[in-house]
Amino acid sequence: MNLSFLKAYALEKRIPIITDEALALIEAEIKKHHVKDVLEIGTAIGYSALAMASFGCHVDTIERDEFMIEEAKRHFDRYDEDHQITLYPFDALTYHLPEKTYDLIFIDAAKSQYQTFFNKFTPYLKLGGLVICDNLNFHHLDPAKVNRHTQGLLRKLDVFKRFLADHPHFKTEFYDLGDGTSLSVRIK
Ligand SMILES: C[S@@+](CC[C@H](N)C(=O)[O-])C[C@H]1O[C@@H](n2cnc3c(N)ncnc32)[C@H](O)[C@@H]1O
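Here is a short report on the structure shown in this document. (Residues numbered from 1 in each chain as written. Predicted model: local features only at pLDDT ≥ 70, side-chain atom pairs only at ≥ 80, totals over all residues.)

**Quick notes on the overall build of the protein**
When its secondary structure is counted, the protein shows six helices and seven strands. Reading the protein from its N end, one meets helices and strands in the order α-α-β-α-β-α-β-β-α-β-α-β-β. Relative to the globule expectation of 16 Å for 188 residues, the C-alpha radius of gyration of the protein, 16 Å, shows essentially globular dimensions. Principal axes of the C-alpha set define a box for the protein whose edges measure 45 × 40 × 30 Å. (Helix = DSSP H or I, 4+ residues; strand = E, 2+ residues; numbered from the N terminus. Rg over C-alpha atoms; globule rule 2.2 N^0.38 Å.)

Set out below in structure tokens:
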């Protein structure tokens, strides 16, 4: 499916969506590992979910923002012709997903909560499954040149990256593409 019109729409509305580079990584991993079931945290307008569906996956995706939910619904109604996408219009921090296991979890929501999302949703991941996190570099901002709130976010992302690197159940690689992407494989 050619989703360039949706990408242009996101750009026009200043809605952050996955970069082409990070999406290419996801596509390659989906094909390499024969991924069928994806859980996405952070739908926005549905761009990445539609892209992953076009790679042959079923995508369960969670979004809490009302405007985004309406936009995503509109796009899924129109373009998810084979009903490969299920939208959960909830806050991922509090929502209890139905019992199910996934081959890939894509975390692309509030940066301050990445570790919470990781801990909450990786029990749903199959052994050998993948977790991909986007936006880990936060534009390579210099902590000395940003406000305290942003310094806090940068610190949290650093803690999360260390947590991933040291996690005994996951083998993680970090890629300097998009705005910083990690790929973790569940090994235990
Ligand atoms: C970067 S955008 C997602 C972009 C989308 N994955 C794409 O590439 O097309 C992040 C989205 O996560 C949503 N979000 C942030 N925290 C969330 C939470 N706790 N639960 C559900 N959605 C959340 C935001 O409302 C926002 O729409």
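**A few points about the pairing of strand 1 (residues 37-41)**
Most of strand 1 is tucked away: four of the five residues are buried. Here strand 1 pairs with strand 2 (residues 58-62) via five bridges, running parallel. Directly across from L39, in strand 2, lies its bridge partner D60. Direction of pairing for strand 1 relative to strand 4 (residues 102-107): parallel, over a ladder of four bridges. Within strand 4, the residue paired with V38 across the bridge is L104. (Buried ≥ 20, exposed ≤ 12 C-beta atoms within 10 Å, placed from the backbone. Pairing = 2+ DSSP bridges.)

**Overview of the sheet that holds strand 3 (residues 85-88)**
Sheet architecture is open: seven strands sit in the order 3-2-1-4-5-7-6, paired in mixed fashion. Taken across any chain shown, the strands that pair with only one partner, and hence form the sheet edges, are strand 3 and strand 6 (170-175). In this sheet, adjacent strand axes meet at a mean angle of 15 degrees when their direction is disregarded. Note that strand 6 and strand 7 (residues 181-186) share six bridges and pair antiparallel. By the bridge assignment for strand 7, Y175 is matched with T181. (Axes fitted to C-alpha atoms, helices over the stretch in contact; angles between N-to-C directions.)

**A short note on helix 3 (residues 47-54)**
Counting buried positions along helix 3 yields seven of eight residues, so the element is predominantly enclosed. Residues Y47, S48, A49, L50, A51, M52 and A53 constitute the buried set of helix 3. Directly beyond the C-terminal end of helix 3, a positive phi value near 100 degrees is found at G56.

**Some thoughts on the nonpolar core**
Counting 46 residues, the largest nonpolar core has V38, Y47, M52, L104, I105, I107 and V131 as its most contacted members. Here this core gets six residues from one element, more than from any other, and that element is helix 3. For I105, the residues in contact, after removing those within four places along its chain, are L39, F121, T122, L125 and V131. (Core = buried A, V, L, I, M, F, W, Y, C linked by C-beta atoms within 7 Å. Contact = placed C-beta atoms within 7 Å.)

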